[in-house]
Amino acid sequence: MKQQRTNKSKRNRSQRTDLRNGILIRSCRRIEDFEACLQVERKVWQSADVDVVPIPLFVVAAETGGQVIGAFHGRELIGFTLAIAGWRDSKPFLHSHMTAVLSDYWDRGVGRRLKRFQREDALARGINLIEWTFDPLITKNAYFNFMRLGAIARRYLPNAYGITTSPLHAGLPTDRLVAEWHLRSPRVLRVLAGKRATPAFSKKTVRITIPSTLDDLKSSDPSAAAVIQSQLRAEFLNLLGKGYVATAVAPSESGVDYILEPGKAL
């Protein structure tokens, strides 16, 4: 009887779908789906073969407790999320390794729907934490993670993946912040309900500014961009090492500010 309930749970999870505005979100379990994910990956990251996540990893993720979730417009896959299962402090979590949406479908809420579907799937299996890494220099991703999802960050990984062939990384070290998405936290529930993640910031907040000129420098003066990245790395490592937590971003006169709060104030 217990085995029957387990099988039913697996069937229900694999059959969960979300169809809105002509775009369907569902779990991917077929080789054809994984091949389509690979094509989207190549279009978005434009990496050489050495840096491409291969189809077997999609298979492994789907079959070992991870997730491969696709966004489909008709029969075309236009975005996906890939997560692998993890275990830390005697608890399961998911590491969301890749999320991509084709540029023709940006600003349509597809990325947010993929993440919400990911959250629902995780909660249905008793998983309360999803993590992923993101480039702190790309502030639009930080805005999405903090302000649209309610994630926080308290770890910084210098050159996490080494120098890659993707033009998105501009030949810079792949420094990454680790987003923590605590799926049942008051912060996340407020954001998903359309409210501010933090009603009022602590008076002890500090800021790290990402200059508005940085994107242009990546292509026009890579050496200068690398110097700025190094300075920002030192700031993040110093403050996160003191127990501060990155919780939000906000525009400033010279660019975009990360807002970091004392951990005890959260």
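Residues numbered from 1 in each chain as written. Predicted model: local features only at pLDDT ≥ 70, side-chain atom pairs only at ≥ 80, totals over all residues. Heavy atoms only, no water.

(A) Molecular detail of the pattern of salt bridges. Enumeration according to the criterion identifies 13 salt bridges in this entry. Note that D135 and R176 form a salt bridge whose closest N and O atoms lie 3.8 Å from each other. In this pair, D135 sits in the loop between strand 6 (129-134) and helix 5 (139-148) while R176 sits in strand 8 (residues 176-182), placing the two residues 41 residues apart along the sequence. According to the relative accessible area criterion, D135 is buried, its value standing at 10%. When its relative accessible area of 6% is taken as the criterion, R176 is described as buried. Here R154 ties to E180 by a salt bridge, and the two come within 2.9 Å at their closest N and O atoms. Of this pair, R154 sits in strand 7 (residues 152-157) while E180 is found in strand 8, placing the two residues 26 residues apart along the sequence. (Salt bridge = Lys/Arg side-chain N within 4 Å of Asp/Glu carboxyl O. Helix = DSSP H or I, 4+ residues; strand = E, 2+ residues; numbered from the N terminus. Buried < 20%, exposed > 50% of the residue type's maximum accessible area, 1.4 Å probe, protein only.)

(B) Spatial organisation of the pairing of strand 5 (residues 91-101). For strand 4 (residues 76-88) and strand 5, the ladder comprises 10 bridges, and the chain directions are antiparallel. Directly across from G86, in strand 5, lies its bridge partner F93. Sheet topology note: the strand 5/strand 6 ladder contains 2 bridges and is parallel. Among the inter-strand pairings, H95 is bridged to a residue of strand 6, identified as E131. Taking the sense of rotation as the criterion, the β-α-β connection linking strand 5, helix 4 (residues 110-124) and strand 6 turns out right-handed. (Pairing = 2+ DSSP bridges. Right-handed = clockwise from strand over helix to strand, strands pointing away.)

(C) Structural detail: the nonpolar core. Core analysis: the biggest nonpolar cluster contains 37 residues, and F146, L177, W181, Y258 and L260 have the highest contact counts within it. No other element matches the 6 residues that helix 8 (residues 222-241) contributes to this core. Aside from chain neighbours lying at most four places away, what touches L177 is W132, T133, F134, P136, A153, R155, Y156, F236, L240 and Y258. (Core = buried A, V, L, I, M, F, W, Y, C linked by side-chain atoms within 4.5 Å. Contact = heavy atoms within 4.5 Å.)

(D) Summary view of helix 2 (residues 31-45). The end-to-end C-alpha distance of helix 2 is 21 Å, a good match for the 21 Å that 15 residues give at a rise of 1.5 Å each. Residues D33, F34, C37, L38, V40, E41 and W45 constitute the buried set of helix 2. Relative to the axis of helix 2, the buried residues are bounded by an arc of 165° and lie together on one face. Across helix 2 from its buried face, at more than 90 degrees, point the exposed residues E32 and K43. Buried-residue contacts for helix 2 involve strand 2 (23-27), helix 3 (55-63), strand 3 (67-73), strand 4 and strand 5. Positive backbone phi, at 55°, marks Q46, one or two positions downstream of helix 2. (Expected span 1.5 Å × (residues − 1). Arc of directions from axis to C-beta.)

(E) Layout of the confidence of the model for the protein chain. Model confidence for the protein chain is summarised by a mean pLDDT of 92, while 93% of its residues fall at 70 or above. This model gives residues 1-12 a pLDDT under 50, and the stretch forms 0 contacts once residues within four places in sequence are excluded. (pLDDT = per-residue confidence, 0-100.)

(F) Structural detail: the state of the cysteines. Overall, the coordinates contain 0 disulfides when judged by the stated rule. C28 carries a free sulfur, and the closest cysteine sulfur to it, the one in C37, is 4.6 Å from it. Its relative accessible area of 1% is what places C28 among the buried residues. C37 sits in the buried class, given a relative accessible area of 0%. (Disulfide = S-S within 2.5 Å.)

(G) Geometry of a nonpolar patch on the surface. Where nonpolar side chains cluster on the molecular surface, the patch consists of L57, V60 and I84 and spans about 210 Å² of accessible area. Looking at where I84 falls in the secondary structure, it is placed in strand 4. (Patch = residues over 30% accessible without salt bridge, like charges linked within 9 Å, V, L, I, M, F, W, Y side chains within 5 Å. Areas by Shrake-Rupley, 256 points an atom, 1.4 Å probe, with all protein chains shown as cover.)

(H) Structural detail: the packing of aromatic side chains. A full pass over the atoms with the stated rule returns 7 aromatic pairs. Where W132 meets W181, the ring centres are 5.7 Å apart and the plane angle is 80°; that geometry is what we call edge-to-face. With W132 in strand 6 and W181 in strand 8, this pair connects stretches of sequence that are 49 residues apart. According to the relative accessible area criterion, W132 is buried, its value standing at 6%. The class of W181 is buried, set by a relative accessible area of 0%. Among the aromatic residues, those joined into a cluster by ring pairs are F134, F146, Y156, F236 and Y258. (Phe/Tyr/Trp six-rings, centres within 6.5 Å; stacked < 30°, edge-to-face > 60°.)

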